[in-house]
Amino acid sequence: MNRSSEHKEIISTVVDQTGLLGSTLGMVAAFTICTLGFLGNIVSLLVWSRIQAKKKDKSSTVRYFIRMALMDAAVLQLFLWTSVVVLTEWEFVRSYTYMFAVSYILVPNLHFMVLASTWTLVLMTIDRYLLIVHNRQLSQRNGNIAHALILVALFALNSRVFLYYHPKMEENSCCTWTTEKQEFGFSLVARRLEILMPCLLLGIIPWLTIVFLNAAIIVSVCKVRRSVEVHGKRNISNLPSMNTSNTSVGNMISSNILNRLSLPGSSSESSCGSSQYLQISTVLLTVTFAYVLLMPWRCIAHLIQGHDLEHPLTGIAALIYGWSKFGIIINSSINCILYFLTGTSFRKELIEILSFK
């Protein structure tokens, strides 16, 4: 085995937490997905920013879409530099500077950005749940504070990754560098954290939160629709899931929600607002559905393997774990397509941009 092959083998082992891609086909596929996905997130950022600028009442959900576009773009770029570029034949990949960046900057921040994007989606789902089911909404200030606190907590929990790898000069070479695990990276505690933290923070907790809250949103909307169809909009104060401590405020919010849901008998003016409201809810449900399908596979792989912490994943568990890495970049890449397919406002705004209007 030549030195280049040895270098690739070592690196592919070290970046196993962030990349797959031992084959040329895998590298090309990942490069294509990351590049197109990055461009898609830039487009999403531009379109949602224009939509937000045009709205009189600023939507908290649109703000989260903007933040997710930034985070997903960062995920794709970091994945590209840690899991594709690192396996190429380029000379700078073997330098100390690049390996230092991989060990202490790129890999830790990739982990953090994946967590940040996931929990931004969770927070967006909670925000929509409070609005639709409980007629409550955090102010922009409180929402920003909550988001900032969650990001700080995630960064603190992710700080362990800074202790996993460090640069190392290859034997019998004065200028070829690679990375290897630090002493902490080989410890049983680190191995347990490698499994438990992603399973909890990327899998079980956000997955269950998103599934149950979206189910509650769908049930609440269906109850409102049925009540309106049976009783009519005059009995609005008695509708389910529309309770509030202030009756007049509750009636006003309930009426507003009903109008926005495009129910029969609504005025043309309210129908326009209802259409946008329903579109954003539909877009959010689509994005969260994609997350539910694409993100829990790493946790599933470890559950299949069992509690063996001493040996790497094998068989079907290794195959599922490999898919989970592609699941991460696909999940961060497809949002622009989902927005275009499910959001009329997004689609119209994008067409307007492309038409140079």
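Presented here is a report on the structure given in the accompanying data block. Since we're looking at a predicted model, the values are computed, not measured.

Observations concerning helix 4 (residues 96–134)
Part 1 of the argument: Taking 1.5 Å as the rise per residue, helix 4 with 39 residues should run 57 Å; its terminal C-alpha atoms sit 54 Å apart, in good agreement.
Part 2 of the argument: At valine 102, helix 4 shows its strongest bend, of approximately 45°.
Part 3 of the argument: Counted residue by residue, helix 4 has 29 buried out of 39 residues, so it is predominantly covered.
Part 4 of the argument: Of the residues flanking the end of helix 4, it is asparagine 135, one or two places downstream, whose phi is positive at about 55°.

Describing the side chain of histidine 147
Part 1 of the argument: Mapped onto the elements of the fold, histidine 147 is located in helix 5 (residues 140–158).
Part 2 of the argument: Given a relative accessible area of 4%, histidine 147 falls into the buried group.
Part 3 of the argument: Beyond its immediate chain neighbours, meaning those up to four positions away, histidine 147 contacts Tyr64, Arg67, Met71, Thr120 and Leu123.

What about unusual backbone geometry?
Part 1 of the argument: Not every positive phi belongs to a glycine, and asparagine 135 is a case in point at roughly 55°.
Part 2 of the argument: With respect to the element layout, asparagine 135 can be found in the loop between helix 4 and helix 5.
Part 3 of the argument: Since its relative accessible area comes to 5%, asparagine 135 is described here as buried.

What about the pattern of salt bridges?
Part 1 of the argument: This structure, assessed with the given rule, holds four salt bridges.
Part 2 of the argument: Bridged by salt links that share partners, the residues Arg50, Lys54, Glu349 and Glu352 form one connected network.

Remarks on the packing of aromatic side chains
Part 1 of the argument: Enumeration according to the criterion identifies 13 aromatic pairs in this entry.
Part 2 of the argument: Both rings, one in tryptophan 48 and one in tyrosine 339, keep their centres 5.3 Å apart while their planes meet at 80°; by these two values the pair is edge-to-face. Taken together, the residues tryptophan 48 in helix 2 (residues 24–54) and tyrosine 339 in helix 12 (residues 335–342) connect sequence positions 291 residues apart. A single burial state applies to tryptophan 48 and to tyrosine 339, both of which are buried.
Part 3 of the argument: The rings of Trp48, Phe65, Tyr339 and Phe346 are connected pair by pair, giving a single aromatic cluster.
Part 4 of the argument: Directly above the ring of phenylalanine 340 sits arginine 347, whose terminal nitrogen or CZ lies 5.8 Å from the centroid.

Each value, and the rule that gives it
- Once a new chain begins, its residue numbering starts again from 1 and follows that chain's sequence as written.
- Since the coordinates come from a predicted model, pLDDT governs what is reported: local features require at least 70, and pairs of side-chain atoms require 80 or more to be given and counted, while whole-chain, interface and lining totals use all residues.
- Note: side-chain values were computed over all heavy atoms of the structure, leaving out hydrogens and water.
- What counts as a helix is a DSSP run of H or I of at least four residues, what counts as a strand is a run of E of at least two, and both are numbered from the N terminus.
- Working rule for helices: expected span equals 1.5 Å times residues minus one.
- Bend is computed residue by residue as the angle between axes fitted to the seven residues ending at the residue and the seven residues starting at it.
- For each residue, the accessible area found with a 1.4 Å probe, counting protein chains only, is set against the maximum for its type, and the residue is called buried under 20%, exposed over 50%, and partly exposed in between.
- In this analysis, two residues are considered to be in contact whenever any of their non-hydrogen atoms come within 4.5 Å of each other.
- The salt bridge definition used is simple: a Lys or Arg side-chain nitrogen within 4 Å of an Asp or Glu carboxyl oxygen.
- Stacked, edge-to-face and tilted are the three classes for Phe, Tyr and Trp ring pairs, Trp counted by its six-membered ring, which pair at centre distances within 6.5 Å; planes under 30 degrees apart are stacked, over 60 edge-to-face, the rest tilted.
- Charge-over-ring placement is defined geometrically: NZ (Lys) or CZ (Arg) within 6 Å of the ring centre, and within 35 degrees of the ring normal.

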